[in-house]
Amino acid sequence: MNLQDLRTLLEYHYWARDRMLKALDALTPEQFTRELGSSFTSIQDTLGHVYSAEWAWHQRWIGQSPKTQLPRETFPNVETVRKLWTQTEADVRAFTESLGEDGIHRVFEYKTLAGDPGSSAFWHMLQHMVNHGSYHRGQVTTLLRQIGRPAPESTDLIRFHRTR
């Protein structure tokens, strides 16, 4: 893994995120918060989980270890999530660039949300973050279909590469 590979993963991650958010723009508040019985109860909670996880990884990289995910009230609507996530995206990209080619192999010590100690190479954490987002975007797609709404445009990695 090298810095350019990580840049590409981030490009993919945020491209796919934007496609997902675009599909969520048309939801009513009731659809956004409706309890649907998935891993997280609603589209709101699933989106909040994905964003919170990304936010928590960035916090760990800058030396802070959150003890909880961000509360549901942080995510009242899609537009608020988009604004928060755009700022976190800028922070993640800047941090990644600040590490440079050699720094992506740096091992970070942190605590999990449960308070357990952890340590991982940066590039492992970033790969995990992107993979985690992909997993939960799939859940959001299923939730959209359950409420009769259209799925996002394809967020497949190969589609991303074809669009480049």
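Calculation rules
Residues numbered from 1 in each chain as written. Predicted model: local features only at pLDDT ≥ 70, side-chain atom pairs only at ≥ 80, totals over all residues. Heavy atoms only, no water. Helix = DSSP H or I, 4+ residues; strand = E, 2+ residues; numbered from the N terminus. Rg over C-alpha atoms; globule rule 2.2 N^0.38 Å. Buried < 20%, exposed > 50% of the residue type's maximum accessible area, 1.4 Å probe, protein only. Lys, Arg positive; Asp, Glu negative; His and termini not counted. Charge placed at Lys NZ, Arg CZ, Asp CG, Glu CD. Pairing = 2+ DSSP bridges. 1 Å grid on protein atoms, 1.4 Å probe; cavity = no way out; pocket = protein on both sides within 12 Å on 5 of 7 lines; lining within 4 Å. Points joined across faces, edges and corners; volume = space filled by probe spheres on them. Nonpolar A, V, L, I, M, F, W, Y, C, P; charged D, E, K, R; others polar. Expected span 1.5 Å × (residues − 1). Polar contact = N/O pair within 3.5 Å; in protein donor to acceptor, adjacent residues only side chain to side chain. Contact = heavy atoms within 4.5 Å. Salt bridge = Lys/Arg side-chain N within 4 Å of Asp/Glu carboxyl O.

Regarding the overall build of the protein
From N to C terminus, the protein includes six helices and two strands. For the protein, the N- to C-terminal ordering of α and β elements is α-α-α-α-β-β-α-α. For 164 residues, the compact-globule estimate of 2.2 N^0.38 gives 15 Å, and the protein sits close to it at 16 Å. Structurally, the protein occupies a C-alpha span of about 45 × 40 × 25 Å along its principal axes. Relative to its full complement of 164 residues, the protein shows a buried share of 45%. Here the protein carries 19 positive and 19 negative side-chain charges, and the mean point of each set is 4 Å from the other.

With respect to the pairing of strand β2 (residues 117-121)
Of the strand pairs in this sheet, strand β1 (residues 107-111) and β2 are connected by five bridges, and their pairing is antiparallel. Counted as the bridge partner of E109 is S119 from β2.

Some points on empty space enclosed by the protein
What the rule picks out here adds up to one cavity of 30 Å³ or more. Considering only enclosed or pocket space, the largest cavity measures out at about 40 Å³ in volume. At the level of elements, α3 (43-61) and α5 (122-146) are the ones that each hand at least two residues to the lining of the largest cavity. Here the lining of the largest cavity is built from residues that sort into four nonpolar, four polar and one charged.

Examining helix α1 (residues 3-24)
The end-to-end C-alpha distance of α1, which contains 22 residues, comes to 31 Å, matching closely the 32 Å that a straight helix rising 1.5 Å per residue would cover. Here α1 lies mainly inside the structure; 16 of its 22 residues are buried. Between the side-chain oxygen at the start of α1 and the backbone nitrogen of Q4 there is a gap of 3.0 Å, and the oxygen is on N2.

Digging into the side chain of Q59
Within the element layout of this structure, Q59 appears in helix α3. In this view, Q59 contacts Q64 and P66; residues no more than four positions away in its chain are not counted.

Some words on the pairing of β1
The alternating pattern of β1 places F108 and Y110 on a buried face, while none of V107, E109 and K111, on the opposite face, is buried. A loop of five residues connects β1 with β2, the two strands running antiparallel in sequence, and G115 in this loop sits at a positive phi of about 90 degrees.

Focus: the pattern of salt bridges
Under the definition given, this model contains 11 salt bridges. For R82, the salt bridge goes to D25, with nearest N and O atoms at 3.1 Å. Of this pair, R82 sits in helix α4 (residues 78-103) while D25 sits in the loop between α1 and α2 (29-33); the two residues are 57 residues apart in sequence, bridging distant segments of the chain. Relative accessible area serves as the criterion here: at 43%, D25 is assigned to the partly exposed category. For the salt bridge of E30 with R34, the shortest nitrogen-to-oxygen distance reads 2.7 Å. Shared partners join several salt bridges into a network, and the residues in it are E11, R17, D18, E89 and R93.

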